[in-house]
Amino acid sequence: MSGPNGMLYGGDEIGALVFDPGHHSLRVGYAQEDTPKADIPAVVGTVSATHIPDAEEKVPDGNVTQTGSKTGGELRHYIDITELHVPRAGMEVHTYMKDGQVDNWDLFEKMLDYCYAKVIRSPSEHHPALFTEAVWTTRPAREKLAELLFEKYQAPAFFLVKSAVLAAFANGKSTALVVDAGASQTSAVPVIDGYALVNAAVRSPVGGDHLAAQAKHMLNNMHIQMLPLYSIQSKEVIRERERGRYTLKTLPAGLTVSWQQYMLKRQYEDFCHCVAQVSESQYEERAAASAPFSHYEFPGGYHQDFGPERFKLTECLFEPTLGAPHLAALLEASSSVGAPVLAGLSPRGPSLRLAARPPWGSVVACGGVASAPGWLERLAKELAARAPSSHRLKSHAAPNSTERRFAAWIGGSILASIGSFQQMWISSQEYDEGGKGQLERKCP
Amino acid sequence: MADILDILELEQPSAEISRDSIIHGDKVKKKYVTAKAVKRPEGMHREVFALLYHDNKDLPPLLPTDTGKAYKQTKAKLGMRKVRKWVWAPFTNPARKDNAVFHHWKRASDEAKEYPFAQFNKQVAIPSYSESEYNQYLKSEDWSQAETDHLIDLCQRFDLRFIVIHDRWDRAAFRDRSVEDLKERYYGICTTLSKVKTNPWSNTVTMVNGEKRIYHYDAEHERKRKEQLRRLFDRTQDQIDEEQMLLAELKKIDARKRERERKTQDLQKLISRADSGNLPPLSQVNNNNEGTSTPSNTASSIARRHDRKLHKKKITTQQRPVRAVESVTVEWSGIKFPEARGTGVWLRSQRMKLPAGVGQRKTKALEQELRLLNIDIAPTPTEAICKHFNELRSDLALALDLKNALDSCEFELQALRHQYEALNPGKTLTIPPLISNMVGDNETKPVGEIIDVVGSPSALNSTI
Ligand SMILES: Nc1ncnc2c1ncn2[C@@H]1O[C@H](COP(=O)(O)OP(=O)(O)OP(=O)(O)O)[C@@H](O)[C@H]1O
Ligand SMILES: [Mg+2]
């Protein structure tokens, strides 16, 4: 890390872990790596022990975490795709997230157990842990997380950073307006000098989940049936738009509604990822009709080309629907917030020079939905139409979709492996002395 | 090295690896390679070539194979020195107040020294005051002590980033305050305390010629400035259009006014000439002109004609200098800063933006020059500074271009000299000192001195 002539370069990695919990998935991995080790769906399947047939009990090392012995009322937990996507009688699917923060701590604990045991495969007391959080995370939730990490997992050190800040870092910015289009919501957060402006942040509940719901609605209207993938035994090759010919599997009885819905949602999401495209400007029947088609085959074997529907589908992200504040309005709100910020940026303190560029100047886009083709261009266009005329606007996003989706995690990975960051951690000593009250001070 | 040799199918050196065997050992290899080598076609990538040809001409294995032998033998020795061990070692960080121990990789041979990144632990000095000091000097009608304490605390936490401080201001406990209010109070405290206390805070007090200078924050000015900015940003498209329309109208009115003045002047002349006798033909033309521009004529046509006239004037005035320049064929390329841009009001700092035509490299070079001159690369844009700064940068750009041109001329001259000397062996071409830049040390020195005079030597040292 230190070279000749006293120059210091590179980072200093201390074996830290980075966790980025989201509504769609939890990203976890070692700091200094470029992608998370695992991207785990943010849901936990539970089966009450009475349901479990004896045969399964003997499986020695599935990735199942179990609490206690098999007595009445005990639950078995199934985490990650390989376990979760198996049809099981009586398996309920629960999410532990709510409103951008962890809500069900018992389930989240199971998830962390799984991460340490099956992903990291190393004891938690060896690794400092850096967590990302949404800007509006409440104080009790933050403190609870610190408590969990220090008291249950004996982490040597812990730190919390706002995900918008990390996304800006991942794009090489310390001052930016970060637009995060995640699963549960889309938010715009101004970040200045590495600090998120909490009160200036705006969000709308339109995100990837809404898009999937929209896809379901659209397919229903087109009378296309989305059969559950797990129920198909085999299917025949058929011509386009022909009725699907398939045989069904025999499934275990007692599949729960929550699990079936979860599985179907994944399929609708897949449909969105393959088909959805954001049009350059507002949806127009004629322009959309001339765009290239995209082919999609449904689990039952039915397949067809999708043309204008591709654009119609994503229009909900930019248009007001279902009474939700749409993205454009959202950005408008953040821009009116941005203006005083902007005005405040140009003056200088006597010695401290504030960033010369207002956050308007650089807009950083991240999150899963941001990787939909055309989304970034549309955002840039919508913003340009609303920006003060004298402002040059520049939007940034990682070129490939994984980096966009993992922007917050990557920022965390960068931050936790910077040498000068190592003084920021809340160590277990500090926690023992100062308690969780210092969290507000130490993690801005 | 055994496994590498195995892969290359080279003979294994039987003896211990020594300096000799490494230096002379490759003779054997070379022979082997040249015997079989197929020449790589030009332009083909090494990797592609490697896929097509290798030593024994069979296809690369599809599956990873393990010969079972390679890895069990002596380890690869790639250097003469022994490899230095890395260890996962504990360390403490002096930048931390607790003595937390973290681990990182370090060379076993490196002796323990202070954590190198601790040197980046810089903190802004924030004034502090005691209870009695507060009561004595800092009491304010507007600010309670609790609120002041909160402000100082936030200043400490966010290193005087007032925008962030404003965002995190405890609005539940205290009333909402603007960024200017916060700054005003903070700098007020600094000023008061630095008058009564001896320790100066680096950021608000500067010593100039042994005399304390305290930063004065002009809150009223800032408020006005931001209000102006806000209005500028909040203009709607309608307002911008209206503004443009008004500006156009103003131009028309001006043009009409000038036209009228011209007419009265002509009239005056006409009268005076009529008084003195016969009319010259020129005024007839003028008269004709006036005949068409009866009051019914639209203002726009007047404006247009006026414009045309202006053009003519410009052309005639421009012609002379062009001819003068022709004899000097130096292509001068300073920076042309565009005049007013955008509509309506704009920020003066925009005038200092380099135009888009200036490339990245040139921008970097300019910044470097400015740094050498110890000049802020983004100074506060007052009218005068703006003007001088732009002129300076334009001159600097020109100087850089000239320097480049000089360098290339010099290069050409030297090349020609070498050519001459090669064609006429034994002769040397002496370049008259007048056109040569390659002069003795005694002549370059003054130049160096001049540069030193411009930028202070200490600045030169610190920036290099
Ligand atoms: N190529 C794509 N096109 C459209 N949507 C996509 C694409 N890739 C991912 N998504 C959607 O992005 C969402 C996941 O985004 P992301 O991982 O940023 O969410 P999250 O961080 O888990 O959730 P949140 O930020 O709301 O807590 C999912 O809803 C997924 O369907
Ligand atoms: Mg997210």
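You'll find chain B entered in an unreviewed UniProt entry as DNA methyltransferase 1-associated protein 1, with Trichoplusia ni given as the organism. As stated in UniProt under Subcellular location (unreviewed entry), the record for chain B gives "Nucleus".

Under an unreviewed UniProt entry, the name given to chain A is Actin-like protein 6A isoform X1, and the organism recorded is Trichoplusia ni.

**Comments concerning the overall build of chain B**
Tallying secondary structure elements over chain B gives 15 helices and 4 strands in all. Residues classed as buried in chain B amount to 23% of the 464 residues present. For chain B, contacts bridging at least 24 residues in sequence account for 52% of all contacts bridging at least 6.

**Focus: the site of ligand 1**
Residue and element names in this part refer to chain A. Near ligand 1 there are 19 residues, and of these His-23, His-24, Arg-27, Ser-184 and His-273 occur at the shortest range. Arg-27 places a polar side-chain atom, nitrogen or oxygen, 2.9 Å from an oxygen atom of ligand 1. Within the side chain of Ser-184, an N or O atom sits 2.8 Å from an oxygen atom of ligand 1. Bound to the protein, ligand 1 loses 90% of the 660 Å² it would expose on its own.

**Quick notes on the sheet that holds strand β1 (residues 17–21) of chain A**
All names here are of chain A. Here 6 strands make up an open sheet; going across it, the order is β3-β2-β1-β10-β11-β22 and the pairing mixed. Each end of this open sheet is capped by a strand with a single partner; those strands are β3 (38–41) and β22 (426–427). By the bridge criterion, 5 bridges tie strand β10 (residues 129–133) to strand β11 (residues 157–162) in an arrangement that is parallel. Each bridged residue has a counterpart across the sheet, and for Ala-129 the counterpart in β11 is Phe-158. Packing against the sheet, helix α4 (residues 139–152) makes contact with β10, β11 and β22, and its axis sits at approximately 155° to β11. Here helix α13 (residues 407–416) sits on the sheet in contact with β1, β2 (25–30), β10 and β11, set at roughly 155° to β1.

**As for unusual backbone geometry**
Notably, Asp-99 of chain A is not glycine yet its phi reads approximately 55°, a positive angle. Inspection of the secondary structure puts Asp-99 of chain A in the loop between β8 (97–98) and β9 (101–102). At Leu-160 of chain B, a residue that is not glycine, the phi angle is positive and equals roughly 65°. Tracing the backbone shows Leu-160 of chain B in the loop between α5 (145–157) and α6 (162–168). We classify Leu-160 of chain B as buried; its relative accessible area is 4%.

**Observations regarding the layout of surface pockets**
Empty space within the second largest pocket amounts to approximately 1,500 Å³. The wall of the second largest pocket is formed by 37 residues, among which Tyr-195, Gln-423 and Met-424 of chain A together with Gln-123 and Asp-159 of chain B lie closest to the centre. In terms of residue class, the lining of the second largest pocket is made up of 16 nonpolar, 9 polar and 12 charged.

**So, the state of the cysteines**
Under the criterion given, the structure shown has 0 disulfides over all chains. Of all cysteine sulfurs in the structure, the one in Cys-155 of chain B sits closest to Cys-190 of chain B, which takes part in no disulfide; the separation is 8.1 Å.

**With respect to α4 of chain A**
Note: α-helices contain 3.6 residues per turn, so residues at a spacing of three or four share the same orientation. Helix length check: α4 of chain A (14 residues) gives 19 Å between terminal C-alpha atoms against 20 Å at 1.5 Å per residue, within 8%. Downstream of α4 of chain A by one or two residues, Gln-154 of chain A has phi in the positive range, about 55°.

**A few points about the packing of helix α4 (residues 131–138) of chain B against helix α7 (residues 179–196) of chain B**
The geometry of a pair of packed helices is captured by two quantities: the angle between their axes and the separation between those axes. Residues and elements named next belong to chain B. For the pair α4 and α7, interaxial distance at closest approach is 11 Å and the crossing angle is 100°. Of the possible angle classes, the one that applies to α4 and α7 is roughly perpendicular. Across the interface between the two elements, Tyr-134, Tyr-137 and Leu-138 from α4 touch Arg-185, Ile-189, Thr-192, Leu-193 and Val-196 from α7. Its residues assigned to classes, the contact of α4 with α7 comprises 6 nonpolar, 1 polar and 1 charged.

**A short note on the environment of Ala-196 of chain A**
The topology assignment puts Ala-196 of chain A in strand β14 (residues 195–196). Counting along the chain gives 31 residues from Ala-196 of chain A to Val-165 of chain A, while the straight-line C-alpha distance between them is 6.1 Å. Residues within four places of Ala-196 of chain A in sequence aside, it is in contact with Val-135, Lys-162, Val-165, Val-189, Pro-190 and Val-191 of chain A together with Asp-167 and Arg-168 of chain B.

**Topic: the packing of aromatic side chains**
What describes a pair of aromatic rings is the distance from one ring centre to the other and the angle between the planes of the rings. A full pass over the atoms with the stated rule returns 31 aromatic pairs over all chains. Taking the centre distance of 5.9 Å and the plane angle of 45° together, the rings of Trp-169 of chain B and Phe-174 of chain B count as tilted. Ring pairing ties together the aromatic residues Phe-19, Tyr-96, Trp-105, Phe-108, Tyr-116, Phe-131, Phe-150, Tyr-153, Phe-158 and Tyr-431 of chain A, which thus form one cluster. In this structure, Arg-203 of chain A packs its charged tip against the face of Trp-136 of chain A, placed 4.0 Å from the ring centre. Seen from the ring of Trp-143 of chain B, Arg-177 of chain B lies directly overhead, with NZ or CZ sitting 3.9 Å from the centre.

The rules we used
Residues numbered from 1 in each chain as written. Chains lettered and ligands numbered in written order. Predicted model: local features only at pLDDT ≥ 70, side-chain atom pairs only at ≥ 80, totals over all residues. Heavy atoms only, no water. UniProt positions renumbered as here; feature names shortened; annotations may be inferred. Helix = DSSP H or I, 4+ residues; strand = E, 2+ residues; numbered from the N terminus. Buried < 20%, exposed > 50% of the residue type's maximum accessible area, 1.4 Å probe, protein only. Contact = heavy atoms within 4.5 Å. Near = heavy atom within 4 Å. Polar contact = N/O pair within 3.5 Å; in protein donor to acceptor, adjacent residues only side chain to side chain. Areas by Shrake-Rupley, 256 points an atom, 1.4 Å probe, with all protein chains shown as cover. Pairing = 2+ DSSP bridges. Axes fitted to C-alpha atoms, helices over the stretch in contact; angles between N-to-C directions. 1 Å grid on protein atoms, 1.4 Å probe; cavity = no way out; pocket = protein on both sides within 12 Å on 5 of 7 lines; lining within 4 Å. Points joined across faces, edges and corners; volume = space filled by probe spheres on them. Nonpolar A, V, L, I, M, F, W, Y, C, P; charged D, E, K, R; others polar. Disulfide = S-S within 2.5 Å. Expected span 1.5 Å × (residues − 1). Parallel < 35°, antiparallel > 145°, perpendicular 65-115°, else oblique. Phe/Tyr/Trp six-rings, centres within 6.5 Å; stacked < 30°, edge-to-face > 60°. Lys NZ or Arg CZ within 6 Å of the ring centre and 35° of its normal.

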